[in-house]
Amino acid sequence: MAKITFIGLGNMGGPMASNLVKAGQDVTVFDLSKAAVEALVGEGAKTADSAEAAAQGAECVITMLPAGKHVEAVYLGDDGLLAKLPAGTLVIDSSTIAPETARGVAEVATDKGLDFIDAPVSGGVGGAKAGTLTFICGGEESTFNRAKPILEGMGKNIFHAGPHGSGQVAKICNNMLLAILMAGTSEALALGVRNGLDPAVLSEIMKQSSGGNWALNVYNPWPGVMEGVPASRDYQGGFLVNLMTKDLGLAFDNAVKNQASIPMGALARNLFQLHAGQGNGELDFSSIQRLYKPE
Ligand code: NAD
């Protein structure tokens, strides 16, 4: 049993921490939301009044926060956790943030003798609940090997992508592709329906044809086609448009820095930004379907 502190108990962090509790780990949690903390305490986790107090005595600290600014606020500066944790502590950040932000946190952590990896995840809220997430890690091989048994309590596929920041690079490439696939799938479904096709029948046909993809297989964006997905509960919960827009911004910034061309990614970023600007930021990202199907 490892003594683990988990900070950030949102759509993803909540079920991830819950799986660590179920796996028999000694888990202490912290979040700015009292309701989120109480839910975990109800499942057997401990808590404390601050991130620093929660991290006291931890062998491993895991964060699952919205964006880079939250990660920097928790870890960096005189009051940040990196200044307080004893050397040798394992620090895992699973938030999706810019690779250079992850490298900046890693540099400070390494200077202080802490073992840091960036370990963003793929698999959505369903994967977080089922404990089947994919972890995409960046950092030293030895730190990766140390983190792996803990990550296995929350995920199924644990990858080592390369040095610090590599987990974030792989993650933003993946999410750029996901956004393109979701927008393209929505567009194809809308065209078929405009021609009088049943979206469920068309989905089944495309799943078994060359257009088959993850969105069609497990996350159909058309309301009512698939049970248990955000599209069938008015796009509530899941992976928010605001977070997808953030990730596409990370991909876009990265492409500019590296003089890479991402025409499809840039278009996807604009589509999701437009959709967010129309008041849909707090809906699941599959609600991009509404851009193609005005209600
Ligand atoms: P969320 O907004 O649901 O949860 C974030 C949590 O962090 C909230 O509970 C918030 O109160 C807490 N928080 C913010 N600042 C804090 C602080 N200073 N101290 C303590 N707690 C703090 O977000 P989420 O959907 O769980 O996503 C978290 C990260 O995972 C994001 O970077 C996102 O891009 C990534 N991600 C999300 C999904 C998904 O399907 N939702 C999938 C893969 C990756």
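Criteria and thresholds
Residues numbered from 1 in each chain as written. Predicted model: local features only at pLDDT ≥ 70, side-chain atom pairs only at ≥ 80, totals over all residues. Heavy atoms only, no water. Axes fitted to C-alpha atoms, helices over the stretch in contact; angles between N-to-C directions. Helix = DSSP H or I, 4+ residues; strand = E, 2+ residues; numbered from the N terminus. Parallel < 35°, antiparallel > 145°, perpendicular 65-115°, else oblique. Left-handed = near helix turned anticlockwise from the far one by under 90°. Contact = heavy atoms within 4.5 Å. Nonpolar A, V, L, I, M, F, W, Y, C, P; charged D, E, K, R; others polar. Near = heavy atom within 4 Å. Polar contact = N/O pair within 3.5 Å; in protein donor to acceptor, adjacent residues only side chain to side chain. 1 Å grid on protein atoms, 1.4 Å probe; cavity = no way out; pocket = protein on both sides within 12 Å on 5 of 7 lines; lining within 4 Å. Sits in = over half its atoms within 2 Å of the grid points. Domains from an automatic or database assignment. Buried area = accessible area lost by both parts, 1.4 Å probe. Salt bridge = Lys/Arg side-chain N within 4 Å of Asp/Glu carboxyl O.

## Here's the deal with the packing of helix 6 (residues 99-111) against helix 9 (residues 166-194)
Direction vectors running N to C along helix 6 and helix 9 enclose 160°, while the axes themselves pass 8 Å from each other. Considering their axes alone, helix 6 and helix 9 lie roughly antiparallel with respect to each other. Where helix 6 crosses over helix 9, the two elements pack in a sense that is right-handed. In contact with Pro99, Ala102 and Arg103 of helix 6, helix 9 contributes Gln168, Val169 and Ile172. Here the residues of the contact of helix 6 with helix 9 are counted per class, giving 4 nonpolar, 1 polar and 1 charged.

## Side note on the site of the ligand
Taken together, 25 residues surround the ligand, and among them Asn11, Met12, Asp31, Pro66 and Lys246 come closest. In the model, an oxygen atom of the ligand is placed 3.0 Å from a nitrogen or oxygen of the Leu65 main chain. With respect to the detected pockets, the ligand is housed in the largest pocket. Mapped by element, the contributors of at least two residues to the shell around the ligand are helix 4 (68-75), helix 7 (124-130) and helix 12 (241-257). Grouping the amino acids of the shell around the ligand by side-chain chemistry returns 13 nonpolar, 9 polar and 3 charged. Two domains each donate at least three residues to the shell around the ligand, and these are domain 1 (3-162) and domain 2 (169-291).

## A short note on the packing of helix 12 against helix 13 (residues 263-280)
Running from N to C, helix 12 and helix 13 point in directions that differ by 150°, and their axes come no closer than 9 Å. Taken together, the axes of helix 12 and helix 13 lie roughly antiparallel to each other. Classified by chirality, the crossing of helix 13 by helix 12 is left-handed. For the pair helix 12 and helix 13, contact is made by Val241, Asn242, Met244, Thr245, Leu248, Gly249 and Phe252 and by Gly265, Ala266, Ala268, Arg269, Phe272, Gln273, His275, Ala276 and Asn280, respectively.

## A look at the domain arrangement of the protein
Taken domain by domain, the protein comprises domain 1 (3-162) and domain 2 (169-291). Here the C-alpha centre of domain 2 lies 27 Å away from the C-alpha centre of domain 1. Domain 1 puts 15 residues into the contact, and the matching count from domain 2 is 12 residues. Each partner contributes to the roughly 1,000 Å² buried at the junction of domain 1 and domain 2, and carbon and sulfur atoms together form 63% of this total. Its salt-bridge partner being Glu100, residue Lys257 comes within 2.7 Å of it at the nearest N-O pair. At the junction of domain 1 and domain 2, the tally comes to 4 residue pairs in polar contact (both at pLDDT 80 or more). Of all elements in the fold, only helix 6 and strand 7 (121-122) reach the threshold of two or more residues within the side of domain 1 that touches domain 2. Broken down by element, the residue count for the side of domain 1 that touches domain 2 peaks at 3 residues, all from helix 6. Looking at the side of domain 1 that touches domain 2 residue by residue, the class counts come to 10 nonpolar, 3 polar and 2 charged.

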